[in-house]
Amino acid sequence: MTALARVALFLVVACVPSAAAAQIYPRNPAPHSGSIEVGGGVTFVPGFEMGSRTADLTTSSPTTRFDLFTTDSRVGDFIGVSARVGYYISRSVSIEGSVRYARPELSVDLSGDAESAADVTATEIASHYVFGGSVLFDLRGASFAGGRGVPFVSGGAGYLRELHEGNLLVETGIEYHATAGLKYWFGSGHNRFGLRVEGGMSVREDGFDNEEGRRVQPLVAAGLSYVF
Amino acid sequence: MRRAASREPRSFAIVLLSLVIAAVVCASAPVLGYLKLGTRVGTRTANLRWNDFPIRYYVTERGTTGVTAQQFQTAITTSFGVWDAVDTVDLSAEFAGFTAANPLSGDSMTVIGYQNRPDLDRVLAATNFIIDTQTGEVIESDIFFNTVFPWSTDAAGVTGRHDVQSIAVHEIGHLLGLGHSPLGETEVIPGGRRVLGAEAVMFPIAFAAGSIHDRTLKADDRAGITDIYQTNSARRSHGSISGKVTKNGGGVLGAHVVAFSTRTGALVGGLTLSEDGSYTIAGLEPGPYVIRVEPLDDADINSFFDSDTNVDIDFKVQFHDGVVVVPRGGGVRDVNVKVTAK
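None of these values were measured; they are calculated from a predicted model. Throughout, residues of each chain are indexed from 1 in the direction in which the sequence is written. Written order decides the labels, with chains lettered from A and ligands numbered from 1. Local features in this predicted model are restricted to residues whose pLDDT is 70 or higher, and side-chain atom pairs enter the listing and the counts only when it is 80 or higher, whereas totals over whole chains, interfaces and linings include all residues.

In terms of helices and strands, chain B carries five helices and 22 strands. Labels follow a simple rule on C-beta atoms placed from the backbone: if 20 or more others lie within 10 Å of a residue's own, it is buried; if 12 or fewer, it is exposed; otherwise it is partly exposed. Counting over 342 residues, chain B shows a buried share of 56%. Contacts here follow a simple rule: the backbone-placed C-beta atoms of the two residues must lie within 7 Å. The long-range share in chain B, meaning contacts at least 24 apart out of those at least 6 apart in sequence, stands at 70%. Helical segments are the DSSP runs of H or I of at least four residues, strand segments are the runs of E of at least two, and each set is numbered from the N terminus.

Shown next, in the form of structure tokens:
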């Protein structure tokens, strides 16, 4: 090996750690405290049953009811669109506000009529909004692909606002959520685009739900982010 | 009017018409059906209602076999309280004392008591009015309980005896301006009808003697009384459903329309009241409902309409195909249902 080659090899070896460090910890990495992340995407929420009720009449017996017909209510699967903006209070922790909008279908199966009315499924299209706030923790210690991939966990709550068809009736409630996901950033500059996917659980209370109490649902979301 | 179970009902209008003869100045009201009683004033209908509260009522000083006058009065006062306790209405009543006067006396006193009326051997009790025919304001209303039947005020009811309070709650519903509700199912048996089930105290046919079910108001009764005497807050918090029932492009008169809340399980009924098949069901709590339409075939039509009304009962039971959402303080319109002939 010539002297020039040895010098070159030394430079390469010497520079490798430096170069690697530059990819993971750039001089002014993004995101950092004060960075803002904006994004949007879609959220899938599986449908759920809202319970059965029988339209029944009082009879002369204290223990027997006369069944007129039965209803089974449910909300179909729905996909909502969402927008969010986050503010990094440190390199790993950000607070985020978001809004989600969807148009779920509410349906009621009518069956078992005492006078043989034909079974019918009655439907309506509702509007569903969640105005939420979350705290995100980027798990930088578990990052991969040279720091491009960053897992995160998130938790928060939101104001649930659901409007029945024709906006005739507004029903409100609370939504809590806890998710885990992954951000994958493209580029290494100050301003970056990235992909974000997450999944978790959502707990809704009230809204258009017929059932009392809280309902736990899975949710899956995917979207794009831009940090600056 | 409340009829005994297993008896063919008589028309409420019969008793009212007799009152027209008795009342020289004030005429009485024809029965329009649905949940409210009314009187026609030209082309419009004035609903019967009291304007001055408390309603002062007297109780006859005579008891009957098994029920003293004091027991009877206690049951009547409790029955008024059942209606007064509906939190969406603004009304009150006050016991004014015992009287020797008879019900149906036209003496400007509201009198409730027993009478021996063997000529009305299928009528447990009946309510009569003297009203202002221009405004619908009730001036006097009397209720008689027919001593042809055995009565009881026992807390648990007595088999074979009609419960005074159950029947009184029904008749006081009339006194307050409610008509009969069609919210029940019956089957025809020799000599009349048997109630299979009912979800309104204002259903025209009583349960069998001994039943105390009708001491408690149902959603249909609460909606009806709310429609007449609603508080300002109920006006803002409750809503209505209206629409038309049609068959072959024409309106269906007398169709029984039922709104069922999929959230609370409340059943509230109404009737189409005009030739174009229009109906309105008011006094509903907000939320999603489904609508079912059936012919008026579970009681005598005269229990709801004048005998010359052309009620159509030739159609199949039908559900509306949409979820109907009742708003707070408003109404949802054009909830139309097309039915087909049997």
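Following the structure, the description resumes.
This part takes up the overall build of chain A. Within chain A one finds one helix and 12 strands. Of the regular secondary structure in chain A, the N- to C-terminal order runs α-β-β-β-β-β-β-β-β-β-β-β-β. Put simply, chain A has 228 residues, and 26% of those count as buried. When contacts within chain A are restricted to residue pairs at least 6 apart in sequence, those whose partners lie at least 24 apart make up 61%.

Turning to its location among the elements, A:Leu168 is positioned in the loop between β9 (149-163) and β10 (170-186). A:Leu168 sits in the partly exposed class, given 18 other C-beta atoms within 10 Å. With 12 residues separating them in the primary sequence, A:Leu168 and A:Ala180 have C-alpha atoms 36 Å apart. In this view, A:Leu168 contacts B:Val325, B:Pro327 and B:Val332; residues no more than four positions away in its chain are not counted.

Right, let's talk about the nonpolar core for a bit. Residue and element names in this part refer to chain B. In terms of nonpolar packing, the biggest core is built from 107 residues, with Ile241, Val257, Ala259, Val290, Ile291 and Val324 touching the most fellow members. When residues of this core are assigned to domains, at least three fall in each of domain 1 (2-223) and domain 2 (239-339). Apart from the residues within four sequence positions on either side, alanine 259 is in contact with Ile241, Val268, Ile281, Leu284, Tyr289 and Ile291. By convention in this section, buried Ala, Val, Leu, Ile, Met, Phe, Trp, Tyr and Cys residues joined through C-beta atoms within 7 Å make up a nonpolar core. Each domain's extent was defined by an automatic or database domain assignment.

Our next topic: the environment of A:Phe48. All names here are of chain A. Looking at where phenylalanine 48 falls in the secondary structure, it is placed in strand β2 (residues 48-58). On the neighbour-count criterion, phenylalanine 48 (18 C-beta atoms within 10 Å) is partly exposed. Considered as a pair, phenylalanine 48 and tyrosine 176 are 128 residues apart in the sequence and their alpha carbons are 17 Å apart. Discounting chain neighbours no more than four positions away, the residues touching phenylalanine 48 are Arg74, Val75, Arg215 and Gln217.

Residues and elements named next belong to chain B. Of all 11 residues that make up helix α4 (residues 219-229), 11 are buried, and the element is covered over most of its length. Along α4, the positions that sit buried rather than exposed are Ala219, Asp220, Asp221, Arg222, Ala223, Gly224, Ile225, Thr226, Asp227, Ile228 and Tyr229. Turning to α4, the residues buried within the fold contact β3 (44-47), α2 (69-84), α3 (164-175), α5 (232-237), β16 (267-271) and β17 (278-284).

In this section: unusual backbone geometry. Residue B:Pro54 follows B:Phe53 across a cis peptide bond; omega there is 0°. Among the structural elements, B:Pro54 can be located in the loop between β3 and β4 (55-60). The backbone of A:Asp206 sits at a positive phi, close to 70°, despite the residue not being glycine. Mapped onto the secondary structure, A:Asp206 falls in strand β11 (residues 192-206). Judged by local crowding, A:Asp206 falls into the partly exposed class, with 17 C-beta atoms found within 10 Å. Even without a glycine there, the phi angle at B:Ser108 is positive, about 65°.

All names here are of chain B. Tracing the backbone through its elements, the reader meets isoleucine 301 in the loop between β18 (287-294) and β19 (318-319). The spacing of isoleucine 301 and valine 311 is 10 residues in sequence and 7.8 Å in space, taken between C-alpha atoms. Beyond its immediate sequence surroundings of up to four residues, isoleucine 301 is in contact with Gly254, Leu296 and Val311.

Contacts between the two partners involve 31 residues from chain B and, on the opposite side, 27 residues from chain A. Going through the elements one at a time, β11 (184-189), β12 (192-198), β18 and β19 of chain B are the ones with two or more residues in the side of chain B that touches chain A. Considering every element that reaches the side of chain B that touches chain A, the biggest residue donor is β18(B), with four residues.

All names here are of chain B. Residues at a pLDDT of 70 or more form 89% of chain B, whose mean pLDDT is 86. Confidence of the predictor in every single residue is expressed as pLDDT, which spans 0 to 100. The least confident element of chain B is helix α1 (residues 12-22), whose mean pLDDT is 31; the most confident is α2, at 98. Contacts of residues 5-34 to residues separated by more than four positions or lying in other chains number 91 contacts, the stretch itself having pLDDT below 50. For this predicted complex, the interface confidence score (ipTM) comes to 0.86, while the overall pTM stands at 0.84.

This part covers α3(B). All names here are of chain B. In this scheme, a helix's expected span is set at 1.5 Å multiplied by one less than its residue total. Given a rise of 1.5 Å per residue, 12 residues ought to cover 16 Å, and the 16 Å separating the end C-alpha atoms of α3 matches this to within 8%. Counting buried positions along α3 yields 12 of 12 residues, so the element is predominantly enclosed. Turning to α3, its buried residues number three or more, namely Val164, Gln165, Ser166, Ile167, Ala168, Val169, His170, Glu171, Ile172, Gly173, His174 and Leu175. At the C-terminal side of α3, glycine 177 shows a positive phi close to 115°.

Attention shifts here to the pairing of β18(B). Residue and element names in this part refer to chain B. The buried count for β18 comes to eight of eight residues, which makes it a mostly enclosed element. Across six bridges, strand β15 (residues 256-261) lies against β18 in antiparallel orientation. The residue of β18 that forms the bridge with alanine 259 is isoleucine 291. Strand pairing is assigned whenever DSSP detects at least two bridges linking the two strands. Two elements, β18 and strand β20 (residues 324-326), share three bridges in a ladder whose sense is antiparallel. Bridge pairing in β20 places proline 288 opposite valine 325. Looking at chain direction, β18 and β19 are connected through two bridges and run antiparallel. If you follow valine 293 over to β19, its bridge partner there is glutamine 318.

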